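Listed below, chain by chain, are the residues.
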Amino acid sequence: MPKQVLAKLEKKEEIIKDVYKFSVKANEIVEDSKPGNFIEIRVTDQVEPFLRRPISIYNLDKENGILEFIFQVKGKGTELLSRKEIGEKIDIIGPLGHGTFKFDKFKKIAVIGGGIGIFPLYELSKEAKENQKKVNCYLGFRNKDFVMLEKEFENVTDKLVITTDDGSYKNKGFAIDYLKEDMEKEKYDCIYACGPLPMLKAVQKYAIENNIECQLSLEEKMGCGLGVCLGCAVKTARSPKDAPEYFHVCKGGPVFNARDVEI
Amino acid sequence: MNTKVNFAGIEMKNPVTVASGTFGYGREYAEFFDLGKLGAVITKGTSLKPKSGNKPSRVCETASGMLNSIGLQNPGVEYFANNDLPFLRKFDTKIIVNACGSSIDEYVELCKILNSLDIDGVELNLSCPNVKEGCMAFGNTYEGVKKVTSEVRKVLDKPLIVKLTPNVTDIAEIAKGVEDGGADAVSLINTLLAMKIDIYKRKPVLANNTGGLSGPAIKPVAVRMVYQVAQAVKIPIMGLGGIMTGEDAIEFMLAGATTVSIGAGNFVDPYTSIKTIEGIEEYMKKCNIDDINDVIGKVEMN
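Throughout, a residue's number is its position along its own chain's written sequence, starting from 1. Numbering of ligands from 1 and lettering of chains from A proceed in the order in which they are written. Local features in this predicted model are restricted to residues whose pLDDT is 70 or higher, and side-chain atom pairs enter the listing and the counts only when it is 80 or higher, whereas totals over whole chains, interfaces and linings include all residues.

Trainee: Please explain the overall build of chain A as it appears in this structure.
Mentor: Runs of E in the DSSP output that reach at least two residues are strands. Runs of H or I that reach at least four are helices, and both are numbered from the N terminus. Secondary structure summary: chain A contains six helices and 16 strands in total. Viewed in the frame of its principal axes, chain A has a C-alpha envelope of about 50 × 45 × 35 Å. Partly exposed residues are those whose C-beta has more than 12 but fewer than 20 other C-beta atoms within 10 Å; with 20 or more the residue is buried, with 12 or fewer it is exposed, and the C-beta atoms are placed from the backbone. Looking at the 263 residues of chain A, the share that counts as buried comes to 51%.

Trainee: I'm lost on the overall build of chain B in this one. Help?
Mentor: When helices and strands are tallied, chain B shows 10 helices and 16 strands. In this setup the radius of gyration rests on C-alpha atoms only. A globule is expected at 2.2 Å times the number of residues raised to 0.38. In terms of overall size, chain B behaves like a compact globule, its C-alpha atoms giving a radius of gyration of 18 Å where 302 residues would be expected to give roughly 19 Å. If one aligns the C-alpha atoms of chain B with their principal axes, the spans along those axes are about 50 × 50 × 40 Å. Within chain B, the proportion of its 302 residues that are buried is 59%.

Trainee: Where do I start with the interface of chain B and chain A in this structure?
Mentor: Where interface size is quoted, it is often the accessible area lost as the parts come together. Listed by partner, the interface residues are 28 residues for chain B and 25 residues for chain A. For the side of chain B that touches chain A, the residue count by class is 13 nonpolar, 10 polar and five charged. Here the contact rule is simple: place C-beta atoms from the backbone, and any two residues whose C-beta atoms are within 7 Å are in contact. When residue character is reported, Ala, Val, Leu, Ile, Met, Phe, Trp, Tyr, Cys and Pro are called nonpolar, Asp, Glu, Lys and Arg charged, and the others, Gly included, polar.

Trainee: Help me out: how do you make sense of the confidence of the model for chain B in this one?
Mentor: For any part of a model where pLDDT is low, the fine detail of the predicted coordinates should not be relied upon. Here chain B averages 96 in pLDDT, while 98% of its residues score no lower than 70. In the model output, the complex is listed with pTM 0.95 alongside ipTM 0.94. For every residue, the predictor states its confidence as a pLDDT score lying anywhere from 0 to 100.

Trainee: Would you take a moment to explain the sheet that holds strand β6 (residues 89-96) of chain A for this structure?
Mentor: Each strand in a sheet pairs with another by means of backbone hydrogen bonds, the pair being arranged parallel or else antiparallel. Residues and elements named next belong to chain A. The pairing criterion for strands is at least two bridges between them, as found by DSSP. Reading around the circumference, β1-β2-β5-β4-β3-β6 is the order of the six strands in this closed barrel, with antiparallel pairing throughout. Ignoring strand direction, the axes of neighbouring strands in this sheet form an average angle of 45°. Where strand β1 (residues 3-16) and strand β2 (residues 19-25) come together, seven bridges link them in antiparallel fashion. When the sheet's bridge partners are listed, K11 is paired in β2 with S23. Helix axes use the C-alpha atoms of the stretch in contact, all axes being lines fitted to C-alpha atoms, and the angles between their N-to-C directions lie in the range 0 to 180 degrees.

Trainee: What's the story with the nonpolar core in this structure? I'm lost.
Mentor: One broad trend across soluble globular proteins is that nonpolar side chains are buried collectively. As used here, a nonpolar core is made of buried Ala, Val, Leu, Ile, Met, Phe, Trp, Tyr and Cys residues. They are joined through C-beta atoms within 7 Å. Grouped together as the largest cluster of nonpolar side chains are 181 residues, with contacts concentrated most on I161, V186 and V226 of chain B. A total of seven residues in this core trace back to one element, the largest contributor, which is helix α7 (residues 219-232) of chain B. Both domains that meet at this core, namely domain 1 (3-96) and domain 2 (108-262) of chain A, each give it at least three residues. Each domain's extent is set by a domain assignment, obtained either automatically or from a database.

Trainee: What exactly am I supposed to notice about the sheet that holds strand β9 (residues 160-163) of chain B here?
Mentor: All names here are of chain B. The strand order around the closed barrel built from eight strands is β3-β4-β7-β8-β9-β10-β15-β16, with neighbouring strands paired in parallel fashion. This sheet shows a mean twist of 25° between the axes of neighbouring strands, independent of strand direction. Two strands pair when backbone bridges link them, and strand β8 (residues 121-125) and β9 are joined in this way by four bridges, in the parallel orientation. Residue N125 lies in a different strand from β9, and its bridge partner there is K163. Here α7 sits on the sheet in contact with β10 (185-188) and β15 (237-240), set at roughly 170° to β15.

Trainee: Would you mind showing me how to read the pairing of β6 of chain A here?
Mentor: Side-chain direction in a regular strand flips from residue to residue, so the side chains alternate between the two faces of the sheet. Residues and elements named next belong to chain A. Here β6 lies mainly inside the structure; six of its eight residues are buried. Sheet topology places β1 next to β6; six bridges connect them, and they run antiparallel. Within β6, the position partnered with K3 by the bridge is G94. For strand β3 (residues 38-42) and β6, the ladder comprises four bridges, and the chain directions are antiparallel. Bridge assignment links I41 to a residue of β6, and that residue is I92.

Trainee: Looking at this structure, how should I read helix α3 (residues 120-130) of chain A?
Mentor: Helical geometry: 3.6 residues make up each α-helical turn, so side chains three or four residues apart lie on a common side. All names here are of chain A. Burial of α3 is extensive: eight of the 11 residues sit out of reach of the surface. Within α3 the residues assigned to the buried category are P120, L121, Y122, E123, L124, S125, K126 and A128. On its buried side, α3 packs onto β4 (53-61), β7 (108-114), β8 (134-141), α4 (150-155), β11 (190-194) and β12 (213-217).

Trainee: What am I meant to see in unusual backbone geometry here?
Mentor: For residues other than glycine, phi is negative in most cases, and the peptide bonds are mostly trans. With an omega dihedral of -10°, the bond running from G94 of chain A to P95 of chain A counts as a cis peptide bond. In this structure, the amide linkage connecting L188 of chain B to the following residue, I189 of chain B, adopts the cis form with an omega of 10°. Within the secondary structure, I189 of chain B is located in the loop between β10 and β11 (192-194). In this structure, N288 of chain B is a non-glycine residue whose phi angle is positive, near 55°. The topology assignment puts N288 of chain B in the segment after α10 (272-286).

Trainee: So what exactly am I meant to see when it comes to the environment of A137 of chain B here?
Mentor: Residue and element names in this part refer to chain B. Tracing the backbone shows A137 in helix α4 (residues 136-139). Taking the C-beta count within 10 Å as the criterion, A137 has 15 such neighbours and is therefore assigned partly exposed. It is 9.6 Å that separates the C-alpha atoms of A137 and S103, two residues lying 34 residues apart in sequence.

If you want it as structure tokens, here you go:
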């Protein structure tokens, strides 16, 4: 059940240019959160900017009630958020989303992410690893300046492949191509993806064509984040035929089975 | 201190309601507070048959507000009656169903069903800017509004509220159509037809190109319209548009509203409606007002 919390900012770090990692104290949210859940942050107590910002959960420290999230400064909302100082209280609602990453019935999983879409995959990898799953991870970035969290992901995966589009760091090309290469010998039970739309589409197509389980974490503009406004619609695959025409990312998602959605 | 109001025959414990489309059927917000604290819950716009709604993107943020073009996605009146109404009835609040249709026959058919349900009133949606047929098409002329209202009136014994669009030249004239059609009250304003353009893609942000603007950005327009309508009709008014606080609500009430609705404010803070009720009480204390009814329409024009 989501709760509204005034969470104290304990730590903040600019991990690469314009990308911030915040650690906040939020026991009430942390205890209920699952990998794939997101939070909604009100960046001001004024009416401008108006709406809350949906941001995915990066890491849950259940022991200490610490929630970590990472965001890129993109507009005035995230700009204001980035200026919060240690000790300040941040208005957060969470955990949100009923569609979360599920891995119980699998043994070997592949996790693939791109750019600022990699954040929710950390808690997934961590928890899957804690549950004795084999976790191989493929992270793609534009170039060496955008590569982040390499050490962190290394610690929670069995294998980590970093790619850059231009080859300026480690492997050149797209992360999905390296995943496909490994598939033959690894025979993953499920692929988990979050990242830019072209990457998600490619992963979805590959998984469906090869009959591999696949879970996608999606993004869409949101009004409320609670499932009320019905703003963040995503087309369903209409199968079975009486399925609704749309799901909503905030409520049914943000994680969907790749077979269920048209993206 | 009395905060009770009688709105179109509906006895409310306070004048604060939540606006159609911003509160679903109450379930999500019931996880945050007791819905029994509200004067009334106005449901998501509900139609005779289920509706899928518009293509995404459906919402975006604008200066001190937001645009939406949901397209009245809803599960239909039958689903509402079997699933949502029993849930809402568990709370000590009034239930007003926002009813939408694409033809007069559909409105009439729907209101016949609503008349048989255990609800406290119907808000006729003649003002959604995001669907091609019905709604605003009826809502923007005196004759159109009067016709739909009077046809629905014939089949509906429950309190009838008609929700007005601000996208007209003279909203007072439209309100008179509601009154002459036999409705018990008007609610205003629905969203203002608006557009936002992505300057890099050179395309409107919303898939439907246009959408309805809500939030604090529209409040001064709404207050002005409530005042104008209050001068033109005798039936009571529900005022809405950008209310975030008790002070905002009082402004609407001074302009002539008997009740108010919290809309987009629910998205920003789930407790906006509760804080508004508290804010109204604080204002009453501060200004030594014993009865909230003494505020209604008491603005003194310069």
